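# Secondary and tertiary structure notes
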Amino acid sequence: YRADAIVFLSGTPSAKLIETSLANGQQVVLINRDDPLTGCHNLGVDNEMAGREAFFLLRRAGCKRLALVTSTAHTASLIERERVFVAVAEAAGLPVTVMAAGPTTYASGYESALRLFGRSDGPDGVFCVTDLLALGFMDAARHEFGLTLPDQLCLVGFDDIEEGAWESYKLTTFAQPFAEMGDHVVDLLAAPVPVIPGRRIFQPVPIWRKSIRASAL
């Protein structure tokens, strides 16, 4: 049995597997990938918008010492969020300290906070490129260094995972519009006439919670 279509998520499956699927005549949908392959439907989230808006949130909150926490995964989505956030901040005259302590895990976020706040010039505004990193970062900032959010530290994440909404975190973040993206994938694959492959970008949705000072809202 061979599937008629395959959906590839993020940056984990290799490009070689995608090429094999195309060669077998299967419909291919890529989500949040930047593979330069023809013949694929390519869906992505506007990571540029997220990086830009994360900076403006922190700036409006009055943050002056900025940091960006990423991972060693180096997927296209993470790289783009980092690139835009750093570029926009530096254009505004605010340097950014970039920290990647390991893979995209809670532990890496925790370790990033240990490294950043172990310095004399620790940040007062941080953009974590995923919520999982943000939750680890937040816990280390609070429990290891006694910092309070959002009074002493403002924090923004990305992904809107369930834990981020818990009362103990209340993380301001960006949600990926998975329902809208899923509906679009179904429409592509169920179309009676094959749809010409192309790229479509979806807008992330800001989720306002309590890890940013009220002046940022």
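Residues numbered from 1 in each chain as written. Predicted model: local features only at pLDDT ≥ 70, side-chain atom pairs only at ≥ 80, totals over all residues. Heavy atoms only, no water.

## With respect to the sheet that holds strand β3 (residues 41–45)
Cut-off, in case you're wondering: At least two bridges found by DSSP between two strands is the condition for calling them paired. In this text, helices come from DSSP runs of H or I with a minimum length of four residues, and strands from runs of E with a minimum of two, each type numbered from the N-terminal end. To get an axis, a line is fitted to the C-alpha atoms, and for a helix only the part in contact is used. The angle between two axes follows their N-to-C directions and goes from 0 to 180 degrees.
If you trace the 4 strands from one edge of the open sheet to the other, you get β1-β2-β3-β9, paired in parallel fashion. In the strand order of this sheet, the two ends are held by β1 (5–9) and β9 (199–202), each with one partner. Taking the axes of each pair of neighbouring strands and ignoring which way they run, one obtains an average angle of 15° across the sheet. Direction of pairing for strand β2 (residues 27–31) relative to β3: parallel, over a ladder of 3 bridges. Within β3, the position partnered with leucine 30 by the bridge is asparagine 42.

## Here we look at the environment of alanine 3
Where we set the bar: Type-normalised accessible area, obtained with a 1.4 Å probe on protein chains alone, sets the label of each residue: buried when under 20%, exposed when over 50%, and partly exposed for intermediate values.
Along the chain, alanine 3 turns up in the segment before β1. We classify alanine 3 as partly exposed; its relative accessible area is 28%. For the pair alanine 3 and alanine 165, spaced 162 residues apart in sequence, the C-alpha separation works out to 37 Å.

## Some words on the environment of isoleucine 79
Structurally, isoleucine 79 is set in helix α3 (residues 76–91). With a relative accessible area of 43%, isoleucine 79 lands in the partly exposed category. In sequence terms isoleucine 79 and alanine 67 are 12 residues apart; their C-alpha atoms lie 15 Å from each other.

## Quick word on the pattern of salt bridges
Between side chains of opposite charge, a pair can form when the charged atoms approach closely. Let me state the cut-off plainly: Criterion for a salt bridge: a side-chain nitrogen of Lys or Arg within 4 Å of a carboxyl oxygen of Asp or Glu.
Taken as a whole and judged by the stated rule, the model has 8 salt bridges. As a salt-bridge pair, arginine 83 and glutamate 80 come within 2.8 Å of each other at their nearest N and O atoms. Here arginine 83 and its partner glutamate 80 are both found in helix α3, 3 residues apart, which amounts to about one turn of the helix. Glutamate 80 sits in the partly exposed class, given a relative accessible area of 23%. Between glutamate 111 and arginine 115 there is a salt bridge, with its nearest N and O atoms 3.0 Å apart. Taken together, the residues span about one helical turn, with glutamate 111 and arginine 115 both in helix α4 (residues 106–117) at a distance of 4 residues. On the accessibility criterion, glutamate 111 (30% relative accessible area) is partly exposed. Given the relative accessible area of 39%, arginine 115 is considered partly exposed. If you follow the salt bridges from partner to partner, you end up with Glu167, Lys170 and Lys210 in one network.

## Considering the packing of aromatic side chains
The line we're drawing: Ring pairs shown here join Phe, Tyr and Trp side chains whose ring centres sit within 6.5 Å, with only the six-membered ring taken for Trp; geometry is labelled stacked below 30 degrees between planes, edge-to-face above 60, and tilted in between. For a Lys NZ or an Arg CZ to count as sitting over a ring, it must be within 6 Å of the ring centre and within 35 degrees of the ring normal.
Under the definition given, this model contains 7 aromatic pairs. Ring geometry for phenylalanine 55 and phenylalanine 85: centres 6.3 Å apart, planes at 75°, overall edge-to-face. On the criterion of sequence distance, the pair formed by phenylalanine 55 in helix α2 (residues 47–60) and phenylalanine 85 in helix α3 is long-range, its members being 30 residues apart. Here the two residues phenylalanine 55 and phenylalanine 85 agree in accessibility, since each one is buried. An angle of 35° between the planes, with centres 6.2 Å apart, marks the rings of tyrosine 106 and tyrosine 110 as tilted. Here tyrosine 106 and its partner tyrosine 110 are both found in helix α4, 4 residues apart, which amounts to about one turn of the helix. Feature note: the residues Phe55, Phe56, Phe85 and Phe127 constitute an aromatic cluster, connected by ring pairs. Its guanidinium or amino end placed over the ring of phenylalanine 158, arginine 81 lies 3.7 Å from that ring's centre, counting from NZ or CZ.

Spatial relationships are all this shows, so hold off on functional conclusions.
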